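# A look at the structure
This is what each chain is made of:
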Amino acid sequence: RDHLAWLQTPVGPGEMLQCFIKRDKTGLDMLYPQYRCYLQTPDGDRFMMAARKRKKSNSNNYVISCSMKDLARHSDNCVGKLRSNFI
């Protein structure tokens, strides 16, 4: 839960965090790739959160989780959902 609390805390004025996103579209779910956000630190890259497009959805719905493997919508690791209606 400390990880989730850290994700929801805003960055202070004058501070900057640099992150990058990796897309993983290997395996059986090639139509639903997984996106992983990493924080760049001097000690190396640190995993922050992951997202995946929801299956059986008519529009672009994504589940965002603070776990790399558990991307279930009703999980304790679920940070939120994102919906896009851009045409």
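Described in the following lines is the structure provided in the data block. (Residues numbered from 1 in each chain as written. Predicted model: local features only at pLDDT ≥ 70, side-chain atom pairs only at ≥ 80, totals over all residues. Heavy atoms only, no water.)

### Brief notes about the overall build of the protein
Helix and strand counts for the protein come out as 1 helix and 5 strands. Ordered by position in the sequence, the α and β elements of the protein form the string α-β-β-β-β-β. Considered along the principal axes of its C-alpha atoms, the protein spans approximately 40 × 30 × 25 Å. Counting all 87 residues of the protein, 24% fall into the buried class. In the structure as shown, the protein presents an accessible area of about 6,900 Å², 51% of it carried by carbon and sulfur atoms. (Helix = DSSP H or I, 4+ residues; strand = E, 2+ residues; numbered from the N terminus. Buried < 20%, exposed > 50% of the residue type's maximum accessible area, 1.4 Å probe, protein only. Areas by Shrake-Rupley, 256 points an atom, 1.4 Å probe, with all protein chains shown as cover.)

### Structural notes on the pairing of strand S4 (residues 60-65)
Every second residue of S4 is oriented toward a common face, the buried set being Asn-61, Val-63 and Ser-65 and the non-buried set Asn-60, Tyr-62 and Ile-64. Taken together, the 4 bridges between strand S3 (residues 44-53) and S4 define a ladder with antiparallel strand orientation. Within S4, the position partnered with Lys-53 by the bridge is Tyr-62. The hairpin turn running from S3 into S4, its antiparallel successor, is 6 residues long, and Lys-56 in that turn takes a positive phi close to 60 degrees. (Pairing = 2+ DSSP bridges.)

### Things to note about a nonpolar patch on the surface
Nonpolar side chains collect at one region of the surface, where Trp-6, Val-11 and Leu-17 lie side by side and expose about 260 Å² of accessible area between them. Locating Trp-6 in the fold gives a position in helix H1 (residues 2-7). (Patch = residues over 30% accessible without salt bridge, like charges linked within 9 Å, V, L, I, M, F, W, Y side chains within 5 Å. Salt bridge = Lys/Arg side-chain N within 4 Å of Asp/Glu carboxyl O.)

### Considering the environment of Met-68
Note on placement: Met-68 falls in the loop between S4 and strand S5 (78-84). For Met-68, a relative accessible area of 31% gives the class partly exposed. Measuring from C-alpha to C-alpha, the distance between Met-68 and Phe-47 comes to 8.1 Å, with 21 residues separating the pair along the chain. With sequence-adjacent residues up to four places away left out, Met-68 is seen in contact with Gln-34, Arg-36, Tyr-38, Phe-47 and Ala-50. (Contact = heavy atoms within 4.5 Å.)

### As for the nonpolar core
When a protein is soluble and globular, its nonpolar side chains tend to lie buried together. Grouped together as the largest cluster of nonpolar side chains are 5 residues: Phe-20, Tyr-38, Phe-47, Ala-50 and Leu-71. The residues touching Tyr-38, leaving out its near neighbours within four places in the chain, are Gln-18, Cys-19, Phe-20, Lys-22, Asp-45, Arg-46, Phe-47, Met-48 and Met-68. (Core = buried A, V, L, I, M, F, W, Y, C linked by side-chain atoms within 4.5 Å.)

### Overview of the environment of Asn-58
For Asn-58, the location among the structural elements is in the loop between S3 and S4. For the pair formed by Asn-58 and Asp-70, sequence separation is 12 residues and the distance between their alpha carbons is 22 Å.

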